[in-house]
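Residue-level structure breakdown
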Amino acid sequence: SAETRSLLQDLKRRVDALGGIFDVPQLERELEELDQLASDPNFWNDQAKAQTQLRKRAEVQGKLTLVGGLEREVNDALELTELGIAEGDESVLAE
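Now for a quick tour of the structure. Predicted model, so just to flag it, every value in this text is computed and none were measured.

Further remarks concern the overall build of the protein. Along the protein, the regular secondary structure elements total 4 helices and 0 strands. Going from N to C terminus, the protein has its helices and strands arranged as α-α-α-α. Referenced to the eigenvectors of the C-alpha coordinate spread, the extents of the protein come out at roughly 65 × 20 × 15 Å. Within the span of the protein, comprising 95 residues, buried residues form 23% of the whole. Accessible area of the protein: about 6,700 Å², with a carbon and sulfur share of 52%. Side chains of the protein give 11 positive and 21 negative charges; the mean places of these two sets differ by 8 Å.

Okay, structure coming up:
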């Protein structure tokens, strides 16, 4: 229905804003930098520092995974709703 579509579009706007709050481009750059550091042959010379960097990498990757997953879920739901509306399939809207 139009109400479902409107709710999903609002949710999409909110998820898009969430990506801005997390500053996805900055997180992607940070992940790349951390990966480069981890590939250094001397990375494990200071194990405490290496473990801190790996924890930071896991945190950054987790944020990116969260935002990406939310974006995919909302986009999939919106697309399914649009298809259901176009096809007149009310069962899709009940899901």
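A separate point is helix α1 (residues 2-22). Taking 1.5 Å per residue as the helical rise, α1 with its 21 residues ought to reach 30 Å, and the 30 Å between its terminal C-alpha atoms agrees with that figure. Restricting attention to buried positions, one finds in α1 the residues L8, V15 and G19. Buried residues of α1 fall within an arc of 50° about the axis and therefore sit on the same side. Away from its buried face by more than 90 degrees, α1 exposes A2, E3, L7, R13, R14, G20 and I21. Looking at the buried side of α1, the elements it contacts are α2 (24-38) and α3 (47-87). Within two residues after α1, D23 carries a phi angle of roughly 50°, on the positive side.

It is worth spelling out the nonpolar core at this point. Ranked by size, the top nonpolar core spans 7 residues in total: V24, L27, L31, L34, V60, L64 and V67. Counting residues per element, this core draws most heavily on α2, at 4 residues. Discounting chain neighbours no more than four positions away, the residues touching V24 are G19, L64 and V67.

Right, let's get into the pattern of salt bridges. Opposite charge on two side chains permits pairing when their charged atoms draw close. Summed over the entire model, instances satisfying the criterion amount to 6 salt bridges. Close ionic contact of K56 with E30 constitutes a salt bridge, the shortest N to O distance being 3.4 Å. With K56 in helix α3 and E30 in helix α2, this pair connects stretches of sequence that are 26 residues apart. Here K56 falls in the partly exposed class, since its relative accessible area comes to 31%. When its relative accessible area of 18% is taken as the criterion, E30 is described as buried. Between E59 and K56 there is a salt bridge, with its nearest N and O atoms 3.8 Å apart. Taken together, the residues span about one helical turn, with E59 and K56 both in helix α3 at a distance of 3 residues. For E59, a relative accessible area of 41% gives the class partly exposed. Salt bridges sharing partners connect three or more residues here, namely E30, K56, E59 and K63.

About the thresholds
- Residues numbered from 1 in each chain as written.
- Predicted model: local features only at pLDDT ≥ 70, side-chain atom pairs only at ≥ 80, totals over all residues.
- Heavy atoms only, no water.
- Helix = DSSP H or I, 4+ residues; strand = E, 2+ residues; numbered from the N terminus.
- Buried < 20%, exposed > 50% of the residue type's maximum accessible area, 1.4 Å probe, protein only.
- Areas by Shrake-Rupley, 256 points an atom, 1.4 Å probe, with all protein chains shown as cover.
- Lys, Arg positive; Asp, Glu negative; His and termini not counted.
- Charge placed at Lys NZ, Arg CZ, Asp CG, Glu CD.
- Expected span 1.5 Å × (residues − 1).
- Arc of directions from axis to C-beta.
- Contact = heavy atoms within 4.5 Å.
- Core = buried A, V, L, I, M, F, W, Y, C linked by side-chain atoms within 4.5 Å.
- Salt bridge = Lys/Arg side-chain N within 4 Å of Asp/Glu carboxyl O.

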